[in-house]
Amino acid sequence: MDRLAFKNKLLDSFQDSEPNSRAFYLRLIELTAVAVHQIAVFLYNQDTRVHDRHTSDPHYTIDGATLGDDEPYQQPDDYPLLALPPPWKTLFSHPYYVAESQYPDGLADVVETWRRCDDEGPGAPEPNFYMHSARDDVTFRLWQVKDEEQEALAGFLLAPTSAPAADGPLPVLPTRSHRVRIDPDRAIVDRKVYRDVWERPLPLFNRDRDDRRPLNPDDYPEEGDRYARFWAQFNKTTPGSE
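Please read these numbers as outputs of a predicted model, since none were measured by experiment.

**Here we look at the overall build of the protein chain**
Then, in step 1: Looking only at helices and strands, the protein chain features six helices and four strands.
Then, in step 2: In sequence order, the protein chain lays out its α and β elements as α-α-α-β-β-β-α-β-α-α.
Then, in step 3: Considering the protein chain as a whole, with its 242 residues, one finds that 31% of them fall into the buried category.
Then, in step 4: For the protein chain, contacts bridging at least 24 residues in sequence account for 57% of all contacts bridging at least 6.
Then, in step 5: By element, 55% of the accessible surface of the protein chain is carried by carbon and sulfur atoms, the whole surface being about 16,500 Å².

Dropping the structure here:
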């Protein structure tokens, strides 16, 4: 790899930010995320297939794992509409970021987990960055990290030693205390939360219908705050509640 390429706007923002400020931490993490992604694209495009050289079973090769069985799948007669979904084209992917046909580097761009936020107006405080997890039993929504989590991650990146810390800040995982969240289909269009605007296709359905579905507390912990404010206001205005 000859060099890493960063957008001038990002570099200018990093240079103009005051050291140890929220803006400085955010741009530092953004630079790191962009660099790691470009390195991952470079390594993927080398097509080294180190794993394949250590197995003689074709089902355990990369192609065997991603392309499925050699024999075509036969649908059972009792369920003619039943069909297995096609396997992922890569072993490393985030289910919300697989539109490789519109990515500059195609399949190499598929894995993304880091988000940035551009939804604040001029003069507004710099927001913390968003994460979009893809683990089992973790929310499907984008969630904003807390101040202490962003500062801990920036401190880890600025640490003078290359030795891994025993109590490092990673992984950063969401809990119900992470109240600032966004539905994936509203992130880019409505809230301008993204790393690259081309990373996901525009939603094809009426997103307002999602507002009427049941909201579980693990994915929508902020709803509890809304109901608490409602009942507090209701009790305050109800006669005899003083």
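**Quick word on the packing of aromatic side chains**
Then, in step 1: Tallying each qualifying case throughout the model produces four aromatic pairs.
Then, in step 2: Relative to phenylalanine 24, the ring of phenylalanine 14 lies with its centre 5.3 Å away and its plane at 25°, an arrangement referred to as stacked. Taken together, the positions of phenylalanine 14 in helix α1 (residues 8–16) and phenylalanine 24 in helix α2 (residues 22–46) put the pair 10 residues apart, joining distant regions of the chain.
Then, in step 3: Given the relative accessible area of 13%, phenylalanine 24 is considered buried.

**Digging into the packing of α2 against helix α4 (residues 147–158)**
Helix packing for two helices is described by the angle between their axes and how far apart those axes are.
Then, in step 1: It is at 10 Å that the axes of α2 and α4 come closest, and there the two elements cross at 60°. In this view, α2 runs oblique relative to α4, as classed from their interaxial angle. At the point where α2 passes α4, the crossing takes the left-handed sense. Residues Arg22, Phe24, Tyr25, Leu26, Leu28, Ile29 and Thr32 of α2 lie in contact with α4, whose contacting residues are Asp147, Gln150, Glu151, Leu153, Ala154, Leu157 and Leu158.
Then, in step 2: A class-by-class count of the residues in the contact of α2 with α4 yields nine nonpolar, two polar and three charged.

**Some points on the environment of aspartate 63**
Then, in step 1: Examined against the element boundaries, aspartate 63 turns out to sit in helix α3 (residues 62–67).
Then, in step 2: On the accessibility criterion, aspartate 63 (36% relative accessible area) is partly exposed.
Then, in step 3: Once the C-alpha coordinates of aspartate 63 and threonine 90 are considered, the two residues, 27 residues apart in sequence, prove to be 8.9 Å apart.

**Some details on unusual backbone geometry**
Then, in step 1: The linkage connecting leucine 170 with the following residue, proline 171, adopts the cis geometry, with an omega of 0°.
Then, in step 2: As for its position among the elements, proline 171 is in the loop between α4 and β4 (181–182).
Then, in step 3: Here aspartate 47, not a glycine, exhibits a phi torsion of approximately 50°, which is positive.
Then, in step 4: Its place among the elements puts aspartate 47 in the loop between α2 and α3.

**Topic: a nonpolar patch on the surface**
Then, in step 1: Nonpolar side chains collect at one region of the surface, where Phe156, Leu157, Leu158 and Leu170 lie side by side and expose about 350 Å² of accessible area between them.
Then, in step 2: Tracing the sequence through the fold places leucine 157 in helix α4.

**What to know about the pattern of salt bridges**
Then, in step 1: With the rule as written, the count across this model stands at eight salt bridges.
Then, in step 2: In this structure, the salt-bridge partner of aspartate 218 is arginine 176, at a minimum N-O distance of 2.9 Å. Separated by 42 residues along the polypeptide, aspartate 218 in the loop between α5 (184–187) and α6 (222–237) and arginine 176 in the loop between α4 and β4 bring together distant segments of the chain.
Then, in step 3: The partly exposed category is assigned to aspartate 218, whose relative accessible area is 46%.
Then, in step 4: Shared partners join several salt bridges into a network, and the residues in it are Lys7, Arg195 and Asp196.

**What about the side chain of aspartate 183?**
Then, in step 1: Following the sequence through the fold, aspartate 183 ends up in the loop between β4 and α5.
Then, in step 2: The exposure class assigned to aspartate 183 is buried, which follows from its relative accessible area of 11%.
Then, in step 3: At a separation of 2.8 Å, a polar atom in the side chain of aspartate 183 contacts the side chain of tyrosine 220.

Rules used throughout
Sequence positions are assigned chain by chain, starting from 1 and proceeding in written order. Totals for whole chains, interfaces and linings use all residues, but because this is a predicted model, local features are given only for residues with pLDDT of at least 70 and pairs of side-chain atoms are given and counted only at 80 or more. As a convention, hydrogens and water are excluded, and side-chain values are obtained from all of the structure's heavy atoms. Put simply, DSSP marks the helices as runs of H or I at least four residues long and the strands as runs of E at least two long, and each gets a number from the N terminus on. Residue burial is assigned from relative accessible area. The probe radius is 1.4 Å, only protein chains are included, and a residue is buried under 20% of its type maximum, exposed over 50%, and partly exposed in between. By definition, residues are in contact when any of their heavy atoms lie within 4.5 Å. Reported accessibility uses the Shrake-Rupley method at a 1.4 Å probe radius. Residues are deemed covered only where the shown protein chains occlude them. Within 6.5 Å between ring centres, the rings of Phe, Tyr and Trp (the latter by its six-membered ring) count as paired, and their orientation is classed by plane angle as stacked under 30 degrees, edge-to-face over 60, tilted in between. Only the stretch in contact is used when fitting a helix axis, every axis being a line fitted to C-alpha atoms; angles between N-to-C directions are given from 0 to 180 degrees. Comment on the angle field: the value is read as roughly parallel under 35 degrees, roughly antiparallel over 145, roughly perpendicular from 65 to 115, and oblique elsewhere. Put simply, a crossing is left-handed when the front helix is turned counterclockwise from the back one by less than a right angle, and right-handed when it is turned clockwise. In this classification, the charged set is Asp, Glu, Lys and Arg, the nonpolar set is Ala, Val, Leu, Ile, Met, Phe, Trp, Tyr, Cys and Pro, and all remaining amino acids, among them Gly, are polar. Patch construction takes residues with relative accessible area above 30% that form no salt bridge. Like charges are linked within 9 Å, and nonpolar side chains (Val, Leu, Ile, Met, Phe, Trp, Tyr) are linked within 5 Å. A pairing counts as a salt bridge when a side-chain nitrogen of Lys or Arg comes within 4 Å of a carboxyl oxygen of Asp or Glu. Whenever a nitrogen or oxygen atom comes within 3.5 Å of another N or O atom, the pair is scored as a polar contact, on the condition that within protein one atom can donate a hydrogen and the other can accept it, and that pairs from neighbouring residues in sequence are kept only if both atoms are in side chains.

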